Number of protein chains: 2
Amino acid sequence: MAKQNAFYAQSGGVTAVINASACGVIETARQHSDQIGTVYAGRNGIIGALTEELIDTSVLSDAEVAALRHTPGGAFGSCRYKLKDIETHRSQYERLIEVFKAHDIGYFFYNGGNDSADTCLKVSQLAESMGYPLKAVHIPKTVDNDLPVTDNCPGFGSVAKYIAVSTKEAALDIESMCATSTKVFILEVMGRHAGWIAAAGGLAGRGEGEPPHLIIFPEIPFDRGTVMARVDDCVKKYGYCVIVISEGARYADGTFLADAGTTDAFGHKQLGGVAPTLAGMVKQDLGYKYHWAVADYLQRSARHLSSATDVAQAYAVGKAAVKLALEGKNSVMPTILRTNDAPYQWEIGEACLSDIANVEKFMPRDYITPDGFGISALGRQYLAPLIQGEDFPPYKDGMPQYIRLQHKLVSRKLPDFQP
Amino acid sequence: MAKQNAFYAQSGGVTAVINASACGVIETARQHSDQIGTVYAGRNGIIGALTEELIDTSVLSDAEVAALRHTPGGAFGSCRYKLKDIETHRSQYERLIEVFKAHDIGYFFYNGGNDSADTCLKVSQLAESMGYPLKAVHIPKTVDNDLPVTDNCPGFGSVAKYIAVSTKEAALDIESMCATSTKVFILEVMGRHAGWIAAAGGLAGRGEGEPPHLIIFPEIPFDRGTVMARVDDCVKKYGYCVIVISEGARYADGTFLADAGTTDAFGHKQLGGVAPTLAGMVKQDLGYKYHWAVADYLQRSARHLSSATDVAQAYAVGKAAVKLALEGKNSVMPTILRTNDAPYQWEIGEACLSDIANVEKFMPRDYITPDGFGISALGRQYLAPLIQGEDFPPYKDGMPQYIRLQHKLVSRKLPDFQP
């Protein structure tokens, strides 16, 4: 196989460890410099491929590449941009192939969630139909943990650890003060359709009586009367009540508790503000003093508290993607296989993109307690290993030493293109 | 001096390091067991003294006491409860002295902010007027950093580090995505009247062009037009805008941007929700896509990210309080004296409570840039040392190992009292 260049792009919401995957891709490619030339990174994700804005990663020192492993955010830029339908917008896909051709790109690594898995699959199929030899490998990434087949998704373990630790810490605060002050604390967490992140809050305690006292999942229809009765019971029994609520909490008819009314580029509703909404109900129905927090981007960028397991897996899927491509695999995604629960053991597997694209994995009902407000033993068994281990970034003068790359763009060879 | 017992109580909002002060008190008292008998801790702060609910700390193992150093929240319970006016409610103060007398308490250590410094002073004065020998020492604690005389307050350094790191991490996230997604990010931080915590966000960057692009201080009157123009300029220039805003942000007439309309036990207005309020202005005036976070209790309980400097100082003021009392000092507070800026050096000083009680320290205007939206070189010089060093708690199974004490109450000797 002749030596060819590679293209790597980050897609969708970034995570604390997506750059660890980038690090895995670039370091592994450098180890196979006989087969892979330069790794080009798309500036702002797939848009960079369409506009031919390719970042030359060959100018990065080994130390700079290594620093990606401990740097949150998307070092090359990411985007919320879904390629349009291939039937009606074939030119977009053809443009990608043109750009790949112009820069002798034979490997396409796309680092993202469900939507990008779908794009990766389509690009692979189009390349094949156009007779362009391309190895397209998807690299899993999503804090939402909602990709199928893989046991878990890189990015999730770190946000899970952040939410579990934050819940535990805030609960100690509230417990200290509840006799005379705040009795109800509400933490809003991410997870539009799947309650994985909310579930991670459950790791703060060991169940009954230990905070969080209530987890509100998007999978369990919200009933105001039931929830308020539980909160009231909890305050009467324990003196306080800690609630972790998913931004995607919704009523039985599917209406979100807090619907900001705007949609993102993928057509998903932009949510936010479910915590103050719930706090308002507590005030109105129960009259307890409350506080609420919305972690928002803090939770998915908190590299200072990443799970060592998550960092290792994010790196491993990046590395595996390159290995798979070099083995000639196409339209695949490296997965994380759990081979043992306690002690937790995992290895890298492989899935066909056709089994991944646009499929969302929800929390199994039996990971949630029968009453719908906590995690079951089975849920705990699944979640607990994912937050194991610490992987602190280096610090200097009290601050983590994250890297910000200078982006050296490759000279363009093609005419402009309006994506 | 005959051997007497000590009383220790936590007051007001707890912090990530108030227990480190408790640890300093108890460990130091144990080292002077010839002079100090048992350290009793007030259950839920000063209320525990009024109701004669005294926690016997002598049953705690040395390891349990040592674990307080790395445990957030208030291990003995704190309270928002201000003793009433001594002229009209003298019986409250007399009750305290009765309880102290009944349990042979000769040392009173009160760990809190402005309000508790005032209480500590009054108790000391009353004891003297009643001829009861009491050494009353206040131990500084407040995330708001608004106590006078002392260079800084234990509790502040850790929240400062949390806000600086969180701002830096979130900014990397937003920068990654701003080409196609969120352009304005707003982080709401604590600090009712003083902008110290908001200022700490400034440590995330080095100034001009580096996030946070705007800090909104309670000390600088909020002008919607000016702020929106700055946000717009920033997005046009850098592609995105990161804003750290104090919960106490207010208009020129003193009205808070977000006034929840409720007050706490001290009569302070309970704030919250300034971030969504500002986000609404961004949406209405500029139309940019925004996200907002409210860190709330997460910021003051984040022991996982404490400043090692802060932990050391919190411990040191607890230790110094005992030393001062043993030297026969009364109505005093150990302070932190900055003896050098770079390298940062500090030592423990001493202040009279009459100089501390009910005095609030605001951000000096020259710590803020002339335009009112950032920290000056002077401000940076003051703040930077306070976040230095990491002091990670021990972890097990991915979670910090915080201690929750069993409270063994001492047998009551007095009739009931309704505080």
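Residues numbered from 1 in each chain as written. Chains lettered and ligands numbered in written order. Predicted model: local features only at pLDDT ≥ 70, side-chain atom pairs only at ≥ 80, totals over all residues. Heavy atoms only, no water.

**Focus on the pairing of strand β13 (residues 345–352) of chain A**
Residues and elements named next belong to chain A. With eight bridges joining them, strand β12 (residues 332–340) and β13 adopt antiparallel strand pairing. Paired with T335 across the two strands is G349, which belongs to β13. The hairpin formed by β12 and β13 contains four residues between the paired strands. (Pairing = 2+ DSSP bridges. Helix = DSSP H or I, 4+ residues; strand = E, 2+ residues; numbered from the N terminus.)

**Let's talk about the relation of the copies chain A and chain B**
Once chain A has been moved 0.0 Å along the axis and rotated by 180°, it coincides with chain B to within an RMSD of 0.0 Å. The symmetry that links the two subunits is that of a two-fold axis. Of every C-alpha in chain A, the one belonging to V294(A) sits nearest the axis of rotation, 2.4 Å from it. Mapped onto chain B, 100% of the interface residues of chain A again fall at the interface, so both copies present the same surface. (Least-squares fit on C-alpha atoms with pLDDT ≥ 70 in both. Contact = heavy atoms within 4.5 Å.)

**Some points on unusual backbone geometry**
In this structure, the amide linkage connecting P211(A) to the following residue, P212(A), adopts the cis form with an omega of 5°. Turning to its location among the elements, P212(A) is positioned in the loop between α7 (196–201) and β7 (214–216). Despite not being glycine, S331(B) shows a phi value in the positive range, around 55°. The residue S331(B) is located in the loop between α11 (308–326) and β12 (332–340) in this model. A positive phi is found at N358(B), a non-glycine position, where the angle reads about 60°.

**Comments concerning the UniProt feature "binding site: substrate" (unreviewed entry) in chain A**
All names here are of chain A. According to UniProt, the positions carrying the feature "binding site: substrate" (unreviewed entry) are T142, V143, D144, M190, G191, R192, E247, Y297, L298, Q299 and R300. By the element assignment, D144 lies in the loop between β5 (135–140) and α6 (156–177). In contact with D144, not counting residues within four places along its chain, are G191, R192, A194, W196 and I197. Summarising the element assignment, Q299 is placed in helix α10 (residues 297–301). You can call Q299 buried: its relative accessible area is 1%. In contact with Q299, other than residues within four places in its own chain, are V159, Y162, I163, E188, V189, M190 and I197. A polar contact is formed between the side chain of Q299 and the backbone nitrogen of M190, at a distance of 3.1 Å. (UniProt positions renumbered as here; feature names shortened; annotations may be inferred. Buried < 20%, exposed > 50% of the residue type's maximum accessible area, 1.4 Å probe, protein only. Polar contact = N/O pair within 3.5 Å; in protein donor to acceptor, adjacent residues only side chain to side chain.)

**Re the environment of E64(B)**
Residue and element names in this part refer to chain B. Assignment of secondary structure puts E64 in helix α3 (residues 62–68). Residue classification places E64 among the partly exposed positions, given a relative accessible area of 29%. Not counting residues up to four positions away in its chain, the partners in contact with E64 are V59, I403 and L405.

**What about the packing of helix α4 (residues 90–102) of chain B against helix α5 (residues 114–129) of chain B?**
Residue and element names in this part refer to chain B. One way to put it is that α4 packs onto α5 with a least axis distance of 10 Å and a crossing angle of 75°. In terms of their interaxial angle, α4 and α5 are classed as roughly perpendicular. For the pair α4 and α5, the contacting residues are R90, Y93, E94, L96, I97 and F100 in the first and K122, V123, L126, A127 and S129 in the second. Of the residues in the contact of α4 with α5, the class split is seven nonpolar, one polar and three charged. (Axes fitted to C-alpha atoms, helices over the stretch in contact; angles between N-to-C directions. Parallel < 35°, antiparallel > 145°, perpendicular 65-115°, else oblique. Nonpolar A, V, L, I, M, F, W, Y, C, P; charged D, E, K, R; others polar.)

**Points about the UniProt feature "binding site: Mg(2+)" (unreviewed entry) in chain A**
Following the UniProt record, the feature "binding site: Mg(2+)" (unreviewed entry) maps to N114(A) here. Apart from the residues lying within four places of it in its own chain, the contact partners of N114(A) are D146(A), L147(A), P148(A), I356(A), A357(A), N358(A), V359(A) and E360(A).

**Remarks on the interface of chain A and chain B**
At the interface, 70 residues of chain A touch 70 residues of chain B. Contact between chain A and chain B buries roughly 5,700 Å² in total, counting both sides, with carbon and sulfur atoms accounting for 60%. Linking chain A to chain B there are four salt bridges. E175(A) is the partner of R404(B) in a salt bridge, and the nearest nitrogen-oxygen pair spans 2.5 Å. (Buried area = accessible area lost by both parts, 1.4 Å probe. Salt bridge = Lys/Arg side-chain N within 4 Å of Asp/Glu carboxyl O.)

**Concerning the environment of D62(B)**
When you line up the elements, D62(B) lands in helix α3. Measuring from C-alpha to C-alpha, the distance between D62(B) and I26(B) comes to 9.5 Å, with 36 residues separating the pair along the chain.

**Notes on the pattern of salt bridges**
All names here are of chain A. Considering all chains together, one arrives at 38 salt bridges over all chains under this definition. Across the pair D391 and R303 runs a salt bridge, and its minimum N-O distance is 3.2 Å. Of the two residues, D391 is situated in the loop between α12 (377–383) and β14 (395–396) and R303 in the loop between α10 and α11 (308–326); the sequence distance between them amounts to 88 residues. With its nearest N and O atoms 2.9 Å apart, the salt bridge here joins K329 to E350. With K329 in the loop between α11 and β12 and E350 in strand β13, this residue pair connects regions lying 21 residues apart in the sequence. Among the ionic contacts, a cluster of salt bridges with common partners joins R43, E53, R412 and D416.

**Concerning the state of the cysteines**
Residues and elements named next belong to chain A. The full count for this structure, using the stated rule, is zero disulfides over all chains. C234 takes part in no disulfide bond, and the closest cysteine sulfur, belonging to C241, lies 3.6 Å away. Note on C234: relative accessible area 6%, which makes it buried. (Disulfide = S-S within 2.5 Å.)

**A short note on helix α4 (residues 90–102) of chain A**
Residue and element names in this part refer to chain A. Taking 1.5 Å of rise per residue, 13 residues should cover 18 Å, and α4 covers 18 Å from first to last C-alpha, within 8% of that figure. Taken as a whole, α4 has its buried residues at Q92, Y93, R95, L96, I97, V99 and F100. Structurally, α4 contributes buried residues whose contacts are with β1 (4–10), α2 (46–50), β3 (54–56), β4 (105–112) and α5 (114–129). Downstream of α4 by one or two residues, D104 has phi in the positive range, about 50°. (Expected span 1.5 Å × (residues − 1).)

**Describing the side chain of E188(A)**
Residues and elements named next belong to chain A. Within the element layout of this structure, E188 appears in strand β6 (residues 184–189). In this structure E188 is buried but unpaired, with R192 as the nearest side chain of opposite charge at 10 Å. A distance of 2.8 Å separates the side chain of E188 from the backbone nitrogen of V274, its partner in a polar contact. At a separation of 2.9 Å, a polar atom in the side chain of E188 contacts the main-chain amide nitrogen of A275. (Lys, Arg positive; Asp, Glu negative; His and termini not counted.)

**Considering the domain arrangement of chain A**
Residue and element names in this part refer to chain A. If you check the domain split of chain A, you get domain 1 (4–154 + 306–358 + 388–400) and domain 2 (157–303). Placing the centre of domain 1 and that of domain 2 at their C-alpha centroids yields a distance of 32 Å. Each side of the interface is counted separately: domain 1 has 26 residues, and domain 2 has 17 residues. Surface buried jointly by domain 1 and domain 2 totals about 1,800 Å² across both partners, of which 52% is contributed by carbon and sulfur atoms. By the criterion of area lost to domain 2, the three top residues of domain 1 are R80, V143 and D144, representing 31% of everything that side buries. Taken together, the links from domain 1 to domain 2 amount to two salt bridges. (Domains from an automatic or database assignment.)

**Looking at the packing of helix α1 (residues 18–31) of chain B against α11(B)**
All names here are of chain B. Packing of α1 against α11 brings their axes to within 7 Å, and their N-to-C directions diverge by 40°. As summarised for this structure, α1 and α11 are arranged oblique, according to the angle between their axes. Note on packing geometry: the crossing formed by α1 with α11 is right-handed. Contact residues: A20, S21, C23, G24, V25, E27, T28 and A29 in α1; V311, A314, Y315, V317, G318, K319, V322 and K323 in α11. (Left-handed = near helix turned anticlockwise from the far one by under 90°.)

**A word on the nonpolar core**
In this structure, Y8(A), F76(A), F109(A), Y8(B), F76(B) and F109(B) are the most contacted members of the largest nonpolar core, which totals 162 residues. Counting residues in each nonpolar core, the second largest holds 54 residues, with L214(A), I216(A), V274(A) and L257(B) among its members. (Core = buried A, V, L, I, M, F, W, Y, C linked by side-chain atoms within 4.5 Å.)

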